[in-house]
Amino acid sequence: MLAVLVAPLLTLLAGCAQETSSSGSGVHGGEASLSLPDLSEVTVFGGMSGRVLLGLGLVVCVMGLAMGVATYLQMRKLEVHTSMREVSELIYSTCKAYLAQQGKFLLVLWAFIAAVIVVYYKVLVGFEWGRVAVVIAFSLIGMAGSYSVAWFGIRVNTLANSRVAFASLRGKPLPLHRMPLKAGMSIGMVLISLELFMMLVILMFLPRDIAGACFIGFAIGESLGASALRIAGGIFTKIADIGSDLMKIAFKIKEDDARNPGVIADCTGDNAGDSVGPSADGFETYGVTGVALVTFVLLGVHDPAVQASLLVWVFVVRAVMIVASAVSYQLNDLYTARRYRDAERMDFERPLSNLVWLTSAACIVATFATTWFVLADTAAGDQWWRLATIVSCGTLAGALIPELVKAFTSTSSRHVREVVKSSRQGGPSLNILSGLVAGNFSAYWLGIAIVGLMGGSYLLSEQGLGDLMVAPAVFSFGLVAFGFLGMGPVTIAVDSYGPVTDNAQSVYELSVIEDIEDIDAELEREYGFTPQWERGKLMLEENDGAGNTFKATAKPVLIGTAVVGATTMIFSIIMGLTGGLTEGIENLSLLHPPFLLGLITGGSVIYWFTGASIQAVTTGAHRAVEFIRTTIKLDGVSKASEADSRRVVEICTQYAQQGMLTMFLGVFFATLAFAFVEPYFFIGYLVSIATFGLYQAIFMANAGGAWDNAKKIVETDLHAKGTQLHDATIVGDTVGDPYKDTSSVALNPVIKFTTLFGLLAVDLAVSLTDQGRHTLVVSLAAVFFVVSAYFVHRSFYGMRIQTSLEGDDEPAVVEEPAPSDEPADGLPSPARPRDDEPASDDAPGAAGDEAPGETVPQEAGAR
């Protein structure tokens, strides 16, 4: 299918490019033609060379990578019982299979992007093959970076989950906090250090005239990798989570019951969605924000000396913030260890909050000190404190936003407790309504906070930065995004805390360690302690609540960074269209109809994408539930078979890939279509998807977080598992699952990929128009839109649930005699043919506990 679409597209673009090239157009190649200033001429306070400071940055990156690897080796050596280690290794093996399959899928998508790059840069722009190869190579490097940190993340997390589960048996809370945070910190350090290392290599060791091509290729590659892994991971994890959770209602079994074959898939999904996705997303966010700042400096600052000074400053500050994050983690760990060494209970959220605030304060101090040191003796010397303050606005946001998120998602939040109170009398209906209230209120307060911090940076930028650059407010917005990510290792660490604590609960139950013969004596003999079973389980529940909260806090930070950073990238498009802000400025106005229409169009795409991602989860969960209900064995077994568990993983993977491909191609061709409609229409579109995406993502993420922790309160504080109240909160949680972990988080990489790929697309459209090919451009826009609309249509009609309506509507309680094994209406109406659905190896017949009339899903390709 993909090849059928790609071939005519490339042929068409190649033909257009040849016509344009033959006419002698001076196509400039956009940002890929940018050249870096000579960084060797930069000297900082005391006469030190800027290149020496950047070299020290490389040393910091190597040390950060070493810290991550050392933590991984330490994690492997921690004590763990064999029964728990076997479960975590099974989870890792399924994660490996999933990620290997995603890697092959990524290479297919990358080949498509690489082909477009070749046609554009070689045939149209006329770059020599060497420069084209550089763009392609760095796109592959960027994608490989996103993929590699995702792989490292699942390995560390699946080592940590069984160690945390085993540590709970000692009955002390401190190890349950330190282990997942240490694992998360190792992921954060590796992720940020690897990203910065790659960018410093481009900056320092490659020829200055190809640096623009390297950065753009690198950003497109990592954005592609993050988009695919984030979307697919979000779909996978929520199919598995919902399929597993609904069994608690259907069969009245406990959380993570080892007999439920969906639990292993749920654990795999915790890593695919909450580790793989965020790791790739964080890697891309850090890189794309850096590329946006580099691009602005090269386009918006005209003095090469100032350009060089600002570039050195940006990357030195990044390196110093890695050090500040590592030092803050160590100090916080020492304090926490002393404070809770002998404690019997602890608030697991408190040390995480302390870490975030401590790191924010340390990064702000480090920013001011470093900025003065680097810029004091340069042409930008009199602006050093303004630049440092603007960055600090973003760093402050990195600590303030999590606090605001906790007000709507924490287990101690009044909003979350309101959800529980509503559920007690109103059941699932009021549970869902209260969660929607929390999400909507959170969008208001977080939006106001982001606007306030951006507004402050704007006011500061008006106090003299205009002497150094054009559009200083845009640069200040980019610096706010840069500040958001300054404490990147800690942001990733507290986010990765969640999947470890979630998996730890599951590993405990799946190991069935309590049922092992003479286990108490074995633990006393082999490990020297008497297990505290009930206390351990309670602490794991409480720790999971903290993990839920801090998973929620990272989401608005990443989406906020995407939106603020997208502003800087959109500026580079505007600079190209307006000849450096010298012509056509009036088109960036509501009085220019295409610009207004673009603003309106962006919202439609955000809402389609939200619906399509939830549809993929809904259909996949239906298929998973169907399989689990027909295969689960509750009598005579202690665990589900490994084959059944792996089959659920396969179902989740099938629907995740199918949904991801459809949505990605819809976004891809929509980007091409709208870039070809009219350039200012496209700018309005980019602004719109960023704005709509920001609020949609915040609303969905925090509503989902409120539903999730409302269930946790019922389970841990009220000890009401198995009650109607618990069932109501489970329903709310299953609604919130795709909200918080599929749709909301996927909007972040989609916004950035659209903006980055749009840099190429709009430049191509303008180049063709300048050659008198306006009719051709409009025709291409129509073709691309039709292709995009096909995938939009396909994202629902190709992913529908394949059962008869009569079966779905059958009442749960029937007064007549029980139906026979033969469904009353087992065939779909011949007047309503069914669409294809993802391939399935299983087609179980109707089971006794299914509604009469439910039909077997058809195999892919059947009509």
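Residues numbered from 1 in each chain as written. Predicted model: local features only at pLDDT ≥ 70, side-chain atom pairs only at ≥ 80, totals over all residues. Heavy atoms only, no water.

A. Focus on the overall build of the protein chain. Of regular secondary structure, the protein chain possesses 21 helices and zero strands. Looking at the protein chain as a whole, 63% of its 863 residues are labelled buried. In the protein chain, 87% of the contacts between residues at least 6 apart in sequence involve partners at least 24 apart. For the protein chain, the exposed area adds up to about 29,700 Å²; of that, 61% sits on carbon and sulfur atoms. (Helix = DSSP H or I, 4+ residues; strand = E, 2+ residues; numbered from the N terminus. Buried < 20%, exposed > 50% of the residue type's maximum accessible area, 1.4 Å probe, protein only. Contact = heavy atoms within 4.5 Å. Areas by Shrake-Rupley, 256 points an atom, 1.4 Å probe, with all protein chains shown as cover.)

B. Quick look at the packing of aromatic side chains. Overall, the coordinates contain 30 aromatic pairs when judged by the stated rule. Considering the side-chain rings of W707 and Y739, the 5.6 Å spacing of their centres and the 75° angle between planes classify their relative orientation as edge-to-face. Of this pair, W707 sits in helix 18 (residues 679-716) while Y739 sits in helix 19 (residues 724-770), and the two are 32 residues apart along the sequence. Note on Y739: relative accessible area 18%, which makes it buried. (Phe/Tyr/Trp six-rings, centres within 6.5 Å; stacked < 30°, edge-to-face > 60°.)

C. Expanded view of a nonpolar patch on the surface. On the surface, M48, V52, L56, V59 and M63 cluster together into a nonpolar patch covering about 440 Å² of accessible area. Within the secondary structure, V52 is located in helix 2 (residues 50-77). (Patch = residues over 30% accessible without salt bridge, like charges linked within 9 Å, V, L, I, M, F, W, Y side chains within 5 Å. Salt bridge = Lys/Arg side-chain N within 4 Å of Asp/Glu carboxyl O.)

D. Quick peek at the packing of helix 7 (residues 262-300) against helix 19. Running from N to C, helix 7 and helix 19 point in directions that differ by 30°, and their axes come no closer than 11 Å. As summarised for this structure, helix 7 and helix 19 are arranged roughly parallel, according to the angle between their axes. In this structure, the crossing between helix 7 and helix 19 has a hand that is left-handed. Of the residues in helix 19, those in contact with D274, D281, E284, T285 and V288 of helix 7 are D741, V745, N748, P749, K752 and L756. Looking at side-chain class alone, the contact of helix 7 with helix 19 contains four nonpolar, two polar and five charged residues. (Axes fitted to C-alpha atoms, helices over the stretch in contact; angles between N-to-C directions. Parallel < 35°, antiparallel > 145°, perpendicular 65-115°, else oblique. Left-handed = near helix turned anticlockwise from the far one by under 90°. Nonpolar A, V, L, I, M, F, W, Y, C, P; charged D, E, K, R; others polar.)

E. Quick peek at the nonpolar core. If you look at the biggest cluster of nonpolar residues, it comprises 282 residues, and the most contacted ones within it are Y121, W313 and F676. Residues contacting F676, with those up to four places away along its chain left out, are A761, L764, A765, L768, V777, L780, A781 and F784. (Core = buried A, V, L, I, M, F, W, Y, C linked by side-chain atoms within 4.5 Å.)

F. Broad picture of helix 18. Here helix 18 contains 38 residues, and its C-alpha end-to-end distance of 54 Å stays within 8% of the 56 Å for a straight helix at 1.5 Å per residue. Across the 38 residues of helix 18, 33 count as buried, placing the element largely inside the fold. (Expected span 1.5 Å × (residues − 1).)

G. Broad picture of helix 3 (residues 82-125). In a regular helix each residue adds 1.5 Å, so 44 residues correspond to 64 Å; helix 3 covers 60 Å between its end C-alpha atoms and thus fits that length. In the stretch just after helix 3, G126 is the one whose phi turns positive, near 90°.

H. Summary view of the packing of helix 18 against helix 19. Across the interface, helix 18 lies against helix 19 with an axial gap of 7 Å and an inter-helix angle of 160°. In terms of orientation, helix 18 lies roughly antiparallel with respect to helix 19. Regarding helix 18 and helix 19, the two cross each other, and that crossing is left-handed. A per-class count over the contact of helix 18 with helix 19 returns 22 nonpolar, 13 polar and five charged.

I. Summary view of the confidence of the model for the protein chain. In this model, the protein chain carries a mean pLDDT of 85, and residues with pLDDT of at least 70 account for 89%. With pLDDT under 50 throughout, residues 1-28 is counted as low confidence; its partners more than four residues away or in other chains account for 46 contacts. A low-confidence stretch, residues 808-863 (pLDDT under 50), is modelled with 92 contacts involving residues beyond four sequence positions or located in other chains. (pLDDT = per-residue confidence, 0-100.)

J. Seen up close, a negative patch on the surface. Together, E517, D518, D520 and E524 give the surface a local cluster of negative charge. Examined against the element boundaries, E517 turns out to sit in the loop between helix 13 (488-510) and helix 14 (519-527). (Lys, Arg positive; Asp, Glu negative; His and termini not counted. Charge placed at Lys NZ, Arg CZ, Asp CG, Glu CD.)

K. Looking closely at the environment of G704. Locating G704 in the fold gives a position in helix 18. For G704, a relative accessible area of 0% corresponds to the buried category. C-alpha of G704 to C-alpha of K740: the two residues are 36 residues apart in sequence and 4.8 Å apart in space. Not counting the four nearest positions on each side in its chain, G704 is found in contact with G736 and K740.

L. Broad picture of the side chain of N503. Inspection of the secondary structure puts N503 in helix 13. Residue N503 is classed as buried on the basis of its relative accessible area, which comes to 0%. Side-chain polar atoms of N503 contact the side chain of N271, separated by 3.0 Å. (Polar contact = N/O pair within 3.5 Å; in protein donor to acceptor, adjacent residues only side chain to side chain.)

M. Representation of the pattern of salt bridges in the model. Counted by the stated rule, this structure contains 35 salt bridges. For K752, the salt bridge goes to E284, with nearest N and O atoms at 2.8 Å. On the criterion of sequence distance, the pair formed by K752 in helix 19 and E284 in helix 7 is long-range, its members being 468 residues apart. Both residues of the pair, K752 and E284, belong to the buried class.

N. Highlighting the environment of F669. Relative to the helices and strands, F669 resides in helix 17 (residues 642-677). Judged by relative accessible area, which is 2%, F669 ranks as buried. In sequence terms F669 and F785 are 116 residues apart; their C-alpha atoms lie 6.6 Å from each other.

O. Main features of unusual backbone geometry. Although it is not a glycine, V512 sits at a positive phi angle of roughly 45°. Positive phi, close to 55°, is recorded for D518, a residue that is not glycine. Structurally, D518 can be placed in the loop between helix 13 and helix 14.

P. How the structure looks around the state of the cysteines. The tally for this structure, following the rule as stated, stands at zero disulfides. Take C95: it sits in no disulfide, and the sulfur closest to it among the cysteines is that of C267, at 8.7 Å. On the basis of relative accessibility, which here comes to 2%, the residue C95 falls in the buried class. (Disulfide = S-S within 2.5 Å.)

Q. View of the environment of V416. Relative to the elements of secondary structure, V416 occurs in helix 11 (residues 414-461). Excluding residues that lie within four positions of it along the chain, V416 makes contacts with F408, T409, S410, A706, N709, A710 and I713.

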